[in-house]
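Chain residues, written in single-letter form:
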Amino acid sequence: MRNVYIKKTIRIGLTANDWQLYGDDDDPKRDMAAFEMNEKIEAVLNAHPPREEAVIAISAILNQYSKFGAYDSEGMHVAEDLLEVFYEGESK
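Once a new chain begins, its residue numbering starts again from 1 and follows that chain's sequence as written. Where totals are concerned, whole chains, interfaces and linings use all residues; where local detail is concerned, this predicted model gives features only for residues with pLDDT of at least 70, and gives and counts side-chain atom pairs only at 80 or more. Side-chain measures here rest on the full set of heavy atoms in the structure, leaving out hydrogens and waters.

> Tell me what's going on with the environment of Glu90, and back it up with residues and numbers.
Along the chain, Glu90 turns up in the segment after helix 4 (73-86). Separated by 59 residues in the primary sequence, Glu90 and Asp31 have C-alpha atoms spaced 32 Å apart. The numbering of helices and of strands both runs from the N terminus, where a helix is a DSSP run of H or I of at least 4 residues and a strand a run of E of at least 2.

Below you can see the structure in the form of structure tokens.
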């Protein structure tokens, strides 16, 4: 249908354990890191950049939280899963 646009919105509520962040389960800094990562990645994806730009931006976010292990393979796999869900049906 012409002149009809559908815009996706993502809300991320992943925990520090979901992200597989380093540290003790009761560490509030670890929980805050997960919360901040979720917010920043939401902002990137909800701006609807091309996938390649989103990958670069999300990688930079994960790198900001590398002291919690976010930039390790586990965090990268979680981010890739988010990208797959958000860009479902689009070519890489």
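> Requested: an account of the confidence of the model for the chain, with residues and values cited.
Residues of the chain with pLDDT of at least 70 account for 97%, and the chain-wide mean is 94. For every residue, the pLDDT score states the predictor's confidence, bounded by 0 at the bottom and 100 at the top. Within the chain, helix 4 has the poorest average pLDDT of any element, 96, and helix 3 (residues 51-64) the best, 98.

> Describe the packing of helix 3 against helix 4, naming the residues involved and giving the relevant values.
Contact geometry of helix 3 with helix 4 gives a least axis separation of 11 Å together with a crossing angle of 150 degrees. Classed by the angle they form, the pair helix 3 and helix 4 counts as roughly antiparallel. The element helix 3 and its partner helix 4 pack so that their crossing is right-handed. Residues Arg51, Ala54, Val55, Ile58, Ser59 and Leu62 of helix 3 pack against Gly75, Met76, Ala79, Glu80, Leu83 and Glu84 of helix 4. All axes are obtained by fitting lines to C-alpha atoms, using only the stretch in contact for helices, and the reported angles, taken between N-to-C directions, cover 0 to 180 degrees. Orientation labels follow simple angle bins: below 35 degrees gives roughly parallel, above 145 gives roughly antiparallel, 65 to 115 gives roughly perpendicular, and whatever is left gives oblique. With the far helix as reference, a near helix turned anticlockwise by less than a right angle produces a left-handed crossing, and one turned clockwise produces a right-handed crossing. Residues are treated as being in contact if the distance between any of their heavy atoms lies within 4.5 Å.

> Which residues make up unusual backbone geometry, and what values go with them?
Even without being glycine, Asn3 reaches a positive phi, approximately 60 degrees. In this structure, Asn3 sits in the segment before helix 1 (16-19). Relative accessibility thresholds used throughout: buried, under 20% of the residue-type maximum; exposed, over 50%; partly exposed, between the two (1.4 Å probe, protein chains only). Owing to a relative accessible area of 65%, Asn3 belongs among the exposed residues under this scheme. In this structure, Gln20 takes a positive phi of about 60 degrees despite not being glycine. By the element assignment, Gln20 lies in the loop between helix 1 and helix 2 (28-46).

> I'd like a description of the nonpolar core, backed by residues and values.
Counting 24 residues, the largest nonpolar core has Trp19, Leu21, Ile41, Leu45, Ile58 and Leu62 as the members making the most contacts within it. Looking at this core, the elements with two or more residues in it are helix 1, helix 2, helix 3 and helix 4. Take this core: its biggest share by element is six residues, from helix 2. What Leu21 contacts, discounting residues up to four positions off in sequence, is Ala16, Arg30, Ala33, Ala34, Met37, Phe68 and Ala70. The nonpolar core is taken to be a set of buried Ala, Val, Leu, Ile, Met, Phe, Trp, Tyr and Cys residues, with the residues joined through side-chain atoms within 4.5 Å.

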